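Examination of the molecular architecture
Spelled out, the chains give:
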Amino acid sequence: GVKSPAKQIDTLEYHERTVNVACMGDSDDDDAGWTVATGKKSRGAASNRRKKHPRPPGPPGPPGSGHAHGSAQSTVTDTVIAKALANVATSLETLRGHPYAANVLGNLPDHIGQTKNYWVWGLGSLDNPSQAQLVRYQASMALLLADRLPRLAGPPETVDPMFTPLDVAVYERLGFATQTGNHDWTVHDPTLLFAPHLEQVFTTRLLRSTRETGTLGNLTYIGNSISKCLERNHVRAAHTDADVVFLKAVAATMTEVPLRELGFHAVCPGAFNDLSLHRFP
C-alpha cells in the first residue's frame, strides 16, 4: 500500500521535541526560472503575484520526468533536514489547532476518501527566508489534507521548479514524490489538487485539457477563487480572450466553496487568503 504523508506527522513531532530550531528571518527575495509549458515550446510567464506568495510552477510533469535529485540530496546534512522538519512540525501544530484547518477539512466533499491522485503545486522553497513561514503553513495544510486520502494509487506529488535539495529531502521524508518538471497534466482518475496562490493561467490549462477528455468531474481543486479572479479581472493579463470565455463557462457550472480564513491572517499573512474549494460537473 501507499504510505500517506500524514503517517509521517509523528516523525515531525519527534523532530519538534528534539531539535532546537532557530527562527528564520524575513527579507525581500525574488525568484526566477519558471515557465508556462505549451506543448513543445515554453515561454516566460509574468510574475505579478502578491508579495510573499510562493513562485508558481509550470504544470508538473508525469512521474519520473523531473530532475534527478539523488546526488544533490547528499549535500544537505541530516541536521539541516531535521531543523527544517522541526519548523514544519511547529507550523503543523499551530495550524491543526486553528479553526481554519477545521473549516477546510470540514468542507471536503464526502467522496474525497476515494481520491486516487493528490497533487500539490507551487509551495515555494523552504530555503527562501522571505517565504519560509508561508511555505511551512501551506505544507502543513498539504499534510492535513493527505490524512483524508486513504486510497491513493501512488505517493502524493509536490511540484515546484524552485525546489532546492533541502525541499526535496524534506518532502520525500514526509512521503511526497517531488518534481520540478514543466509538462502538462490532465486529470483522469479522482484527483485532489492543492495549489495555494498558483497563478490562474496554469489551472486554466489543466481545466481545459481535462474538460476535453470528459473527466473534469474527477477534479477537486483547492486554490485561488476562480470566481474572484474573474470578478477582479485578474485573469486577463496572462490569458487570451478565449481563455477568459472558457473560464466563465466553467465558473457557470462549478460549485465553489469559499474557505474563510477565520483569523489565520493574523498568524501568517497571505498563506491562505482568497482560497476556495472547487468542484466541477
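Just so you know, these numbers come straight off a predicted model, no measurement behind them. (Residues numbered from 1 in each chain as written. Predicted model: local features only at pLDDT ≥ 70, side-chain atom pairs only at ≥ 80, totals over all residues. Heavy atoms only, no water.)

**Thoughts on the environment of K116**
Put simply, the rule is: Only DSSP runs of H or I with at least four residues qualify as helices, and only runs of E with at least two residues qualify as strands; both kinds are numbered from the N terminus onward. Burial classes: relative accessible area under 20% of the type maximum marks a residue as buried, over 50% as exposed, and values in between as partly exposed (1.4 Å probe, protein chains only). We call two residues in contact whenever any of their non-hydrogen atoms come within 4.5 Å of each other.
Note on placement: K116 falls in the loop between α4 (99–106) and β3 (117–121). In this structure K116 comes out as partly exposed when scored by relative accessible area, which is 31%. Once the C-alpha coordinates of K116 and A153 are considered, the two residues, 37 residues apart in sequence, prove to be 5.0 Å apart. Beyond its immediate chain neighbours, meaning those up to four positions away, K116 contacts R151, L152, A153, G154, D189 and P190.

**Section: the confidence of the model for the chain**
Any segment with low pLDDT has predicted coordinates that should not be analysed in fine detail. Where we set the bar: pLDDT: the predictor's confidence for each residue, scored from 0 to 100.
Put simply, the chain has an average pLDDT of 79, and 70% of its residues get 70 or more. Per-residue pLDDT stays below 50 along residues 14–74; that stretch engages in 153 contacts with residues further than four places along the chain or on separate chains.

**So, the packing of α4 against helix α5 (residues 132–146)**
To keep things clear, this is the line we draw: Lines fitted to C-alpha atoms define the axes here, with helix axes fitted over just the stretch in contact, and angles between the N-to-C directions of these axes take values from 0 to 180 degrees. These descriptions rest on fixed angle ranges, namely under 35 degrees for roughly parallel, over 145 for roughly antiparallel, 65 to 115 for roughly perpendicular, and the rest for oblique. Working rule for handedness: look at the near helix, and if it is turned counterclockwise from the far one by less than a right angle, call the crossing left-handed; if clockwise, right-handed. Each residue gets one label: Ala, Val, Leu, Ile, Met, Phe, Trp, Tyr, Cys and Pro are nonpolar, Asp, Glu, Lys and Arg are charged, and the others, such as Gly, are polar.
α5 packs onto α4 with a crossing angle of 45 degrees between their chain directions and a minimal axis gap of 11 Å. Considering their axes alone, α4 and α5 lie oblique with respect to each other. Both α4 and α5 take part in a crossing whose hand is right-handed. Between α4 and α5, the contacting residues are Y100, A101, V104 and L105 on the first element and M141, L144 and L145 on the second. Taken together, the residues that form the contact of α4 with α5 break down as 7 nonpolar, no polar and no charged.

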